[in-house]
Amino acid sequence: MRVMAISGSLRKLSYNSAVIEAMSLLAPEGIDFVVYKGIGDLPLFNPDLEDRHIAAVEDLKGELAKADGLVVASPEYAHGISGVLKNALDWLVSGEEFVYMPVALINTSPRASHAQAALREVITTMSGNIIEEASVSVPLLGSGLDADGIAGHVEIAQALVNSLQAFSAAIALNQELNNQ
Ligand SMILES: Cc1cc2nc3c(=O)[nH]c(=O)nc-3n(C[C@H](O)[C@H](O)[C@H](O)COP(=O)(O)O)c2cc1C
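If you're wondering where the values come from, they're calculated on a predicted model, not measured in any experiment. (Residues numbered from 1 in each chain as written. Predicted model: local features only at pLDDT ≥ 70, side-chain atom pairs only at ≥ 80, totals over all residues. Heavy atoms only, no water.)

Caption draft 1: Representation of the pairing of strand S6 (residues 102-107) in the model. Of all six residues that make up S6, six are buried, and the element is covered over most of its length. Of the two faces of S6, the one lined by Pro 102, Ala 104 and Ile 106 and the one lined by Val 103, Leu 105 and Asn 107 are each fully buried. Examined bridge by bridge, strand S3 (residues 69-73) and S6 share four bridges and lie parallel to one another. In the strand pairing of S6, Val 71 is matched with Ala 104. Examined bridge by bridge, S6 and strand S7 (residues 129-130) share two bridges and lie parallel to one another. Counted as the bridge partner of Pro 102 is Asn 129 from S7. As a crossover connection, the stretch from S6 through helix H4 (residues 113-125) into S7 is right-handed. (Buried < 20%, exposed > 50% of the residue type's maximum accessible area, 1.4 Å probe, protein only. Helix = DSSP H or I, 4+ residues; strand = E, 2+ residues; numbered from the N terminus. Pairing = 2+ DSSP bridges. Right-handed = clockwise from strand over helix to strand, strands pointing away.)

Caption draft 2: Geometry of the pattern of salt bridges. Under the counting rule described, the total for this entry stands at six salt bridges. Of the charged contacts, one joins Glu 63 and Arg 2 as a salt bridge, the two residues approaching to 3.0 Å between their closest N and O atoms. One end of the pair, Glu 63, is in helix H2 (residues 55-66); the other, Arg 2, is in strand S1 (residues 2-7), with 61 residues separating them in the sequence. You can call Glu 63 buried: its relative accessible area is 16%. On the accessibility criterion, Arg 2 (21% relative accessible area) is partly exposed. Between Glu 21 and Lys 37 there is a salt bridge, with its nearest N and O atoms 3.4 Å apart. With a gap of 16 residues between them, Glu 21 in helix H1 (residues 15-26) and Lys 37 in the loop between strand S2 (32-36) and H2 connect regions that are remote in the sequence. Using a relative accessible area of 64% as the deciding quantity, one classes Lys 37 as exposed. Here the residues in one salt-bridge network are Arg 2, Asp 32, Glu 63 and Lys 66, joined through shared partners. (Salt bridge = Lys/Arg side-chain N within 4 Å of Asp/Glu carboxyl O.)

Here it is as structure tokens:
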């Protein structure tokens, strides 16, 4: 099972990127957890460019097409989703790669409820399938933890492992139902 993960932050010491790196360290056997790092290379979305061959866009779509599920962690900026993440999602709106994609939302700042609500709305509108039992909030803001620190933090690591297990179970169930 292949799970792709995107952080909506380009910041070097990003908690959202760190949580995703930690999930790749914690991923149980059977989950090929791929951290996607290319969203900062995407041009600003312009529907006029959708027919062009843009390497960064083709790379994003190609990676998503190979994935069985998508993990998204986004910071909240001024009560919204980060622009880089929204830009990446806009490039995916008219394609087929995202439709019915199981999505796990990881929130690294429980106080940041506006961005999570906005992200839910966008992903649902794009026909993504948010897996509630895999979507978790972990209090990383101000913790100073990096990926290794998160993976080594008993409670937070357990919450992330639980999320991954619930996510893989939901993906497997979806695949089974689709094959019937
Ligand atoms: C320009 C800017 C705006 C922000 N706006 C909010 C906000 O509206 N609500 C909030 O809870 N945090 C806000 N924050 C805090 C960030 O969400 C927080 O620092 C988060 O950890 C950033 O994600 P990262 O660590 O993955 O880079 C803001 C930070 C910046 C830089």
